[in-house]
Amino acid sequence: MCGDRTEVNGTNGTTATPTLGGKPLHQRSPYESVGDFLSNVNNFKIIESTLREGEQFANAFFDTETKIKIATALSDFGVEYIELTSPVASQQSREDCEAICKLGLKSKILTHVRCTMEDAKIACDTGVDGVDLVIGTSSFLREHSHGKDMVAIEKAAIEVINYVKSRGVEVRFSSEDSFRSDLVDLLQLYRAVDRVGVNRVGVADTVGCATPRQVYDLVRTLRGVVSCDIEVHLHNDTGCAIANSHAALEAGATHIDTSVLGIGERNGITSLGGLMARMMVGSRDYVMSRYKLHKIKEIEDMVADAVQINIPFNNPITGFCAFTHKAGIHAKAILANPSTYEILKPEDYGLNRYVHFASRLTGWNAIKSRVEQLGLSMTDAQVKEVTAKIKQMADIRPLAIDDTDSIIRSFHLELQQK
């Protein structure tokens, strides 16, 4: 269950190279998950929900043109599914859904609706490839949202699922607020919809309360109950969305909901870029084979502009500090071998690293690199001397790059005049 064991050649009895998961041990990344037969960290699909969950972000207003641009960019990036706002929400939402369905994108188009026959019929009429059904199952939502008990929920779910299937459309059924729902009720409901042939069941951490361990345990348990695919929709209220997504894949989930920059209701959900960063560490070959990572910055810039926000400084991959190195010890090592302080490679995303040298924390190796970039010639001893001058000035006030370059050039000129 933990991968291939050392094999013995049946012809001459010699021992073959030890392997794990089909790879020679010496070629495996030390950061790869310990695989088992349920894990899908190397076999998952993305349901990109910027045009559904993302529309629920406080600042979001996507006109038709913007929706088409975002959908086209996401499809080109390589996401397998794009989820759209319910066509029942408004007349424009319905028209936008129909327009995007007619684009002929590579990604399958889904829409997210309540688990009612009325919503399902309207959704199927738009021309979508799949319908995502949802209904609240926690005591909070059953009492204060729709007022149905679990018997009524199961009956409605089966009826609507059978209708969507009769229309030849892919169908997912998801509970809402899964982690505050009764486990026995939840598993019984999932088993019932699995038996009638639903394509996927969905697990939703609607309020962002779950931990990675809780996500792993629920998905792992569910994997033993249903034979269909498992989708997870994980909110980020407590900062666990990306970690929870990875835990879900390790437990056997097959589909992850994301949005660009994680935008959505309240603090949003798993971010597309954040998930790509997390999965690149242990599943690099799979991610690189499916997604055009160099397009992630363009997509994030587009969405950030549409919802009038700045990309956070610590955003995975595209935050302006993501590949910046400042401390002298770090800079020295990075200049020698970037892997010393980088688990991700900026070039994989069409980006560059930056060694920050204009501060009191700089080291002489960073300054030496800058001297070379400026086309100047100094001995190591001279570089160390000018580094001391830069540090002295940086102790007095903040330095811009031009300030540091000016100190270097002035020092170099003095050397030539001696």
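Here the structure is a predicted model, which means the values were calculated and not measured.

(A) Molecular detail of the pairing of strand β10 (residues 255-258). Alternating residues of β10 divide into H255 and D257 and I256 and T258, and every residue in both groups is buried. As defined by bridge partners, strand β3 (residues 45-48) adjoins β10 across four bridges and the pair is classed as parallel. Residue pairing for β10: K45 is matched across the bridge by H255.

(B) The arrangement of the layout of surface pockets in detail. Roughly 590 Å³ of volume is contained in the second largest pocket. Along the walls of the second largest pocket sit 32 residues, with R52, H112, R114, V134 and E176 positioned nearest its centre. Among the secondary structure elements, those contributing two or more residues to the lining of the second largest pocket are β5 (108-114), β6 (130-136), α4 (139-146), β7 (170-176), β8 (200-205) and β9 (229-234). Looking at the lining of the second largest pocket, the element that brings in the most residues is β7, giving four residues.

(C) Summary view of the sheet that holds β5. Strand order in the closed barrel made by the eight strands is β3-β4-β5-β6-β7-β8-β9-β10, with parallel pairing throughout. Direction aside, the axes of adjacent strands within the sheet are offset by 25° on average. Across three bridges, β7 lies against β8 in parallel orientation. Looking at the pairing, S174 lines up with G202 of β8. The sheet strands contacting helix α3 (residues 117-125) are β5 and β6, and the helix crosses β5 at an angle near 160°.

(D) Region of interest: the pattern of salt bridges. Taken as a whole and assessed by the stated rule, the structure comprises 28 salt bridges. Measuring nitrogen to oxygen at the nearest pair gives 3.5 Å for the salt bridge that ties R94 to E98. Highlighted residues: R94 and E98, both in helix α2 (residues 91-101), separated by four residues, approximately one helical turn. Given a relative accessible area of 26%, R94 falls into the partly exposed group.

(E) Local environment of the confidence of the model for the protein chain. On average, residues of the protein chain carry a pLDDT of 91, and 92% of them reach 70 or more. Scored below 50 in pLDDT, residues 1-16 makes 22 contacts in the model with residues more than four places away or belonging to other chains.

(F) How the structure looks around the packing of α3 against helix α5 (residues 150-166). Axis separation between α3 and α5 bottoms out at 10 Å; the angle between their running directions is 15°. Comparing their axes, α5 and α3 come out roughly parallel. The hand of the α3/α5 crossing is right-handed. From α3, M117, A120, K121 and C124 reach across to α5, where they touch E159, V160, Y163 and V164.

(G) A look at the packing of helix α7 (residues 212-223) against helix α8 (residues 241-251). At a minimum axis distance of 8 Å, the contact between α7 and α8 shows a crossing angle of 30°. By the angle between their axes, α7 is roughly parallel relative to α8. The hand of the α7/α8 crossing is right-handed. Residue-level contacts link P212, V215, Y216, V219, R220 and R223 of α7 to A243, N244, A247, A248, E250 and A251 of α8. Class assignment for the residues of the contact of α7 with α8 results in eight nonpolar, one polar and three charged.

About the criteria used
Residues numbered from 1 in each chain as written. Predicted model: local features only at pLDDT ≥ 70, side-chain atom pairs only at ≥ 80, totals over all residues. Heavy atoms only, no water. Buried < 20%, exposed > 50% of the residue type's maximum accessible area, 1.4 Å probe, protein only. Helix = DSSP H or I, 4+ residues; strand = E, 2+ residues; numbered from the N terminus. Pairing = 2+ DSSP bridges. 1 Å grid on protein atoms, 1.4 Å probe; cavity = no way out; pocket = protein on both sides within 12 Å on 5 of 7 lines; lining within 4 Å. Points joined across faces, edges and corners; volume = space filled by probe spheres on them. Axes fitted to C-alpha atoms, helices over the stretch in contact; angles between N-to-C directions. Contact = heavy atoms within 4.5 Å. Salt bridge = Lys/Arg side-chain N within 4 Å of Asp/Glu carboxyl O. pLDDT = per-residue confidence, 0-100. Parallel < 35°, antiparallel > 145°, perpendicular 65-115°, else oblique. Left-handed = near helix turned anticlockwise from the far one by under 90°. Nonpolar A, V, L, I, M, F, W, Y, C, P; charged D, E, K, R; others polar.

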